[in-house]
Amino acid sequence: MRSTVPTGETMRHHWLAFTSNRRFHQAPKLVSKAEGIFYHTPQGHKLYDSLSGLWCTPLGHGNRQISEAISHQLSQLDYAPAFNVSHPLAFQLSEQIAGMAPGDLNHVLYCNSGSEAADTALKLARAYWRARGKPEKTKFIGRAKGYHGVNFGGISVGGIGPNRKVYGQTLDAYHLPHTWLTENRFSRGLPQEGDYLADALLQILEVQDASNIAAVMVEPMAGSGGVIVPSSGYLKRLRTLCDQHDILLIFDEVITGFGRMGTVFGADYFAVQPDMLTCAKALTNGIMPMGAVITSRDIYQTMMDQPGDDFMIEFPHGYTYSAHPLACAAAMASLEQLNQPSLMEQVRSLSQVFEDAIHDLKGLPLVEDIRNIGLAGAIQIQSDPAHPTKRASEISALCWDKEVYVRFGGNNLSFAPPFICSKQDIHEIFSRVADAIQQYA
Ligand SMILES: Cc1ncc(COP(=O)(O)O)c(CNc2cccc(C(=O)O)c2)c1O
């Protein structure tokens, strides 16, 4: 089916997500084809994809193994009921995921996005404490600048003000301070300072009392918040405090999951095991919507051991497309590739090139911080107080003109290149970004 470039009034039928639609209509950015690490526009331009789409296509575009897996699955089983019925591939995929997940996180609940994964995990945390005879444990603790998607649970625990302010009453949640410290500016990889920031949990518990808290939810590294990397001992400290106070620890690994940090999960990078972790994005290499919550044996068994007859639904939650056969096929093919030790080694090796290339931009006008971990990084642009996101947005537009798709969020330019990039690709991307910043300044 040949797609035509939308113009004028036809544009208004599509309300773009998370977008300044009025600004988009002034200068529409369209891509009509993608292959490898490049997007192609209808006008014939070829752009580097410097964020793997939206952090979600680390294997690049047009991955043949995935497309062949999906088309084969489509010829066999296009849809299976998700409640009281399932299909063999869902169990094969769950075994694959369990084998990749840390420790005894061996039980997989499926959904369709990172937002749904966050809300699934939050609901499960509440149901788990009720099953444990502690129904009063309902409150949550998130972190400033944390992002857990856009459903009511995720925005309640999330810590990005503009994502919450227009929606009124949210769930009962409190927030740890974010882990960005000025003394850590321009850190290469893990910053030195900040383990102590985890102790802010104790201040929250002084007021809220642990007996009322269901879970802490944090990202191992805050991606959307601007690739804010915690110091090496921060998550360990959070784990210890949660254990001491009988609070579940949930890692949101929607960005960090499946290799972005050079390890399968962020939990592996920091050697800290959460009670649950959420994932999406790279799970299917972004080709099919899919999210998942991977839970510990204790959570699974507690829910299965609840008193009730054989007809009782242990966790009344799920989606029409949970464990969708095509998403499962895409995920199997994606994870078979992402689980290759050689690929993780490639990510770690490319991460060093990436670190050098992004930090080469230190000293450019308006650049006030640069952060990186694995194949994720951010360049923080000194913001115009009158229009905090204006400069990053306009530099991103100049990058588009220089044929690099660069994502901006707040006053940050975010980078998460595909794992299949060459060293030359990484250097070319940042050379064009440097030109755009200098042209803008
Ligand atoms: C940690 C985390 N948790 C949940 C979500 C929500 O996932 P869904 O979008 O699939 O519902 C995310 C998504 N993260 C995300 C999505 C789109 C843009 C950007 C950006 O940094 O610009 C980040 C995420 O990064």
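Residues numbered from 1 in each chain as written. Predicted model: local features only at pLDDT ≥ 70, side-chain atom pairs only at ≥ 80, totals over all residues. Heavy atoms only, no water.

Before going further, it helps to examine the pattern of salt bridges. One pass over the structure, following the stated rule, counts 13 salt bridges. Taking the shortest distance from any N to any O, the salt bridge between Asp172 and Lys139 comes out at 3.9 Å. You can see Asp172 sitting in the loop between helix H6 (152-157) and strand E6 (173-176) and its partner Lys139 sitting in strand E5 (residues 139-143), a full 33 residues away along the chain. The residue Arg371 makes a salt bridge to Asp369 at a minimum N-O spacing of 2.7 Å. (Salt bridge = Lys/Arg side-chain N within 4 Å of Asp/Glu carboxyl O. Helix = DSSP H or I, 4+ residues; strand = E, 2+ residues; numbered from the N terminus.)

Next up on the list: the site of the ligand. Among the 15 residues in the neighbourhood of the ligand, the closest are listed as Trp55, Gly114, Ser115, Asp252 and Arg407. Within the side chain of Trp55, an N or O atom sits 2.9 Å from an oxygen atom of the ligand. A distance of 2.5 Å separates an oxygen atom of the ligand from a polar side-chain atom of Ser115. Computed on the free molecule, the ligand has an accessible area of 550 Å², of which 85% lies beneath the protein chains in the complex. In terms of residue class, the shell around the ligand is built from 5 nonpolar, 6 polar and 4 charged. The residues that make up the shell around the ligand include at least three from each of domain 1 (8-62 + 340-440) and domain 2 (65-338). (Near = heavy atom within 4 Å. Polar contact = N/O pair within 3.5 Å; in protein donor to acceptor, adjacent residues only side chain to side chain. Areas by Shrake-Rupley, 256 points an atom, 1.4 Å probe, with all protein chains shown as cover. Nonpolar A, V, L, I, M, F, W, Y, C, P; charged D, E, K, R; others polar. Domains from an automatic or database assignment.)

We now examine helix H10 (residues 297-304). Taken together, the buried positions of H10 are Ile299, Thr302 and Met303. Down the axis, H10 shows its buried residues gathered within 95 degrees of arc, on one side only. Buried-residue contacts for H10 involve helix H5 (114-131), strand E8 (248-252), strand E9 (276-279) and strand E10 (291-296). (Buried < 20%, exposed > 50% of the residue type's maximum accessible area, 1.4 Å probe, protein only. Arc of directions from axis to C-beta. Contact = heavy atoms within 4.5 Å.)

A separate point is the sheet that holds strand E11 (residues 367-373). Strands sit in the order E11-E12-E15-E14 across an open sheet of 4 strands; the sheet is antiparallel. Of all the strands in the sheet, the pair left with one neighbour each is E11 and strand E14 (407-409). Here the average twist between neighbouring strands, direction ignored, is 25 degrees. Bridge count between E11 and strand E12 (residues 376-381): 6 bridges; the pairing is antiparallel. Bridging from a neighbouring strand, Ile370 pairs with Ile379 of E12. Lying over the sheet, helix H12 (residues 341-359) contacts E11, E12 and strand E15 (412-415), oriented at roughly 180 degrees with respect to E11. Here helix H13 (residues 390-401) sits on the sheet in contact with E12, E14 and E15, set at roughly 45 degrees to E15. (Pairing = 2+ DSSP bridges. Axes fitted to C-alpha atoms, helices over the stretch in contact; angles between N-to-C directions.)

This brings us to the pairing of E5. Among the 5 residues of E5, 5 are classified as buried, and the element is accordingly described as predominantly covered. Along E5, one buried face is formed by Lys139, Ile141 and Arg143 and the opposite face, lined by Phe140 and Gly142, is buried too. Pairing of E5 with strand E7 (residues 213-218), which is carried by 3 bridges, proceeds in the parallel orientation. Residue pairing across strands places Ile141 opposite Val216, the latter belonging to E7. Both E5 and E6 contribute to a ladder of 4 bridges, which runs parallel. Along E6, the bridge assignment pairs Arg143 with Leu176. In terms of handedness, the path from E5 via H6 over to E6 forms a crossover that is right-handed. (Right-handed = clockwise from strand over helix to strand, strands pointing away.)

Here we take up the domain arrangement of the chain. Domain annotation of the chain identifies domain 1 (8-62 + 340-440) and domain 2 (65-338). A separation of 26 Å is found between the C-alpha centroids of domain 1 and domain 2. Both faces considered, domain 1 and domain 2 share a buried interface measuring about 3000 Å² in area, 58% of it formed by carbon and sulfur atoms. Area buried by domain 1 at its contact with domain 2 is led by Trp55, Leu59 and Ile373, which between them contribute 24% of it. Put simply, Asp356 and Arg188 hold a salt bridge, and the shortest N to O gap is 3.0 Å. (Buried area = accessible area lost by both parts, 1.4 Å probe.)

Leu176, Val216, Phe258, Ile379, Leu413, Val433 and Ile437 are the most contacted members of the largest nonpolar core, which has 110 residues in total. Residue-level mapping places this core at the junction of two domains, with at least three residues from each of domain 1 (8-62 + 340-440) and domain 2 (65-338). Within the second largest apolar cluster, 23 residues are counted, among which are Ala118, Tyr128, Leu248 and Phe315. (Core = buried A, V, L, I, M, F, W, Y, C linked by side-chain atoms within 4.5 Å.)

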